[in-house]
Amino acid sequence: MEQGPTGQIGHKGQAGATLQSRIPSYGLHQSLIGEVISYGPEQPRWTVVQWLIDDGVPGRGHRNAILNPDFHAAGAAIRPHATCGEMTVVDLADGFMENPD
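Residues numbered from 1 in each chain as written. Predicted model: local features only at pLDDT ≥ 70, side-chain atom pairs only at ≥ 80, totals over all residues. Heavy atoms only, no water.

A few words now on the overall build of the protein chain. Looking only at helices and strands, one finds 4 helices and 5 strands in the protein chain. Relative to the 2.2 N^0.38 estimate, which gives 13 Å for 101 residues, the radius of gyration of the protein chain is 14 Å and therefore close to what a compact globule would have. Considering the protein chain as a whole, with its 101 residues, one finds that 29% of them fall into the buried category. At a minimum sequence separation of 6, the contacts of the protein chain that also span at least 24 residues come to 56%. (Helix = DSSP H or I, 4+ residues; strand = E, 2+ residues; numbered from the N terminus. Rg over C-alpha atoms; globule rule 2.2 N^0.38 Å. Buried < 20%, exposed > 50% of the residue type's maximum accessible area, 1.4 Å probe, protein only. Contact = heavy atoms within 4.5 Å.)

Spelled out as structure tokens, the structure:
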């Protein structure tokens, strides 16, 4: 969630990091991963409603991701965002095993 302090938006981090390049630092996914992001302070329920409606998103990518029956694991975080107030990120995987501490 390195975008928060910079006010950046999108699925790439400051140095161009993608979900595929970030996940290995936390653990191993099986074969399928996805990510949904919401910007702005919302109650969690309304964030999910926003992803389900997915207005203005070509192909309804958020809706397709959170309703994908192949995703069985999720990690979520809400953090401050410099220009939007807050951001919510949910990373999804078909299976996930955390790195041992």
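Moving on from the model shown.
A word on the sheet that holds strand β4 (residues 85–93). Ordered by their spatial adjacency, 3 strands build an open sheet running β2-β4-β3, and the pairing between neighbours is antiparallel. Bordering the open sheet on either side are β2 (33–39) and β3 (73–81), each of which pairs with just one other strand. Each strand of the sheet is rotated relative to its neighbour by a mean of 15°, with strand direction disregarded. For β2 and β4, the ladder comprises 7 bridges, and the chain directions are antiparallel. Across the sheet, Ile37 pairs through a bridge with Val89, a residue of β4. Where helix α3 (residues 44–53) meets the sheet, it contacts β2 and β4, and its direction lies at approximately 115° from that of β2. (Pairing = 2+ DSSP bridges. Axes fitted to C-alpha atoms, helices over the stretch in contact; angles between N-to-C directions.)

Scanning all chains against the criterion turns up 1 salt bridge. As a salt-bridge pair, Glu35 and Arg22 come within 2.8 Å of each other at their nearest N and O atoms. With Glu35 in strand β2 and Arg22 in helix α2 (residues 19–22), this residue pair connects regions lying 13 residues apart in the sequence. For Glu35, a relative accessible area of 13% translates into the label buried. The class for Arg22 is partly exposed, based on a relative accessible area of 23%. (Salt bridge = Lys/Arg side-chain N within 4 Å of Asp/Glu carboxyl O.)

Put simply, the protein chain has an average pLDDT of 88, and 95% of its residues get 70 or more. The spread of mean pLDDT over the elements of the protein chain runs between helix α1 (residues 3–6), the lowest at 73, and helix α4 (residues 61–66), the highest at 95. (pLDDT = per-residue confidence, 0-100.)

Attention shifts here to the environment of Thr88. Looking at where Thr88 falls in the secondary structure, it is placed in strand β4. With 63 residues separating them in the primary sequence, Thr88 and Ser25 have C-alpha atoms 20 Å apart. Other than its neighbours up to four places away in sequence, Thr88 contacts Val36, Ile37, Ser38, Thr47, Trp51, Ala77 and Ile78.

A separate point is the pairing of β3. By the bridge criterion, 9 bridges tie β3 to β4 in an arrangement that is antiparallel. Within β4, the position partnered with Ala77 by the bridge is Val89. Taking the residues that link successive antiparallel strands as the turn, the β3-β4 hairpin has 3 residues.

Another point: the environment of Leu32. Following the sequence through the fold, Leu32 ends up in the loop between β1 (27–29) and β2. The sequence separation of Leu32 and Gly75 amounts to 43 residues, and the corresponding C-alpha distance is 14 Å. With sequence-adjacent residues up to four places away left out, Leu32 is seen in contact with Asn68, Asp70, Phe71, Leu92, Ala93 and Asp94.

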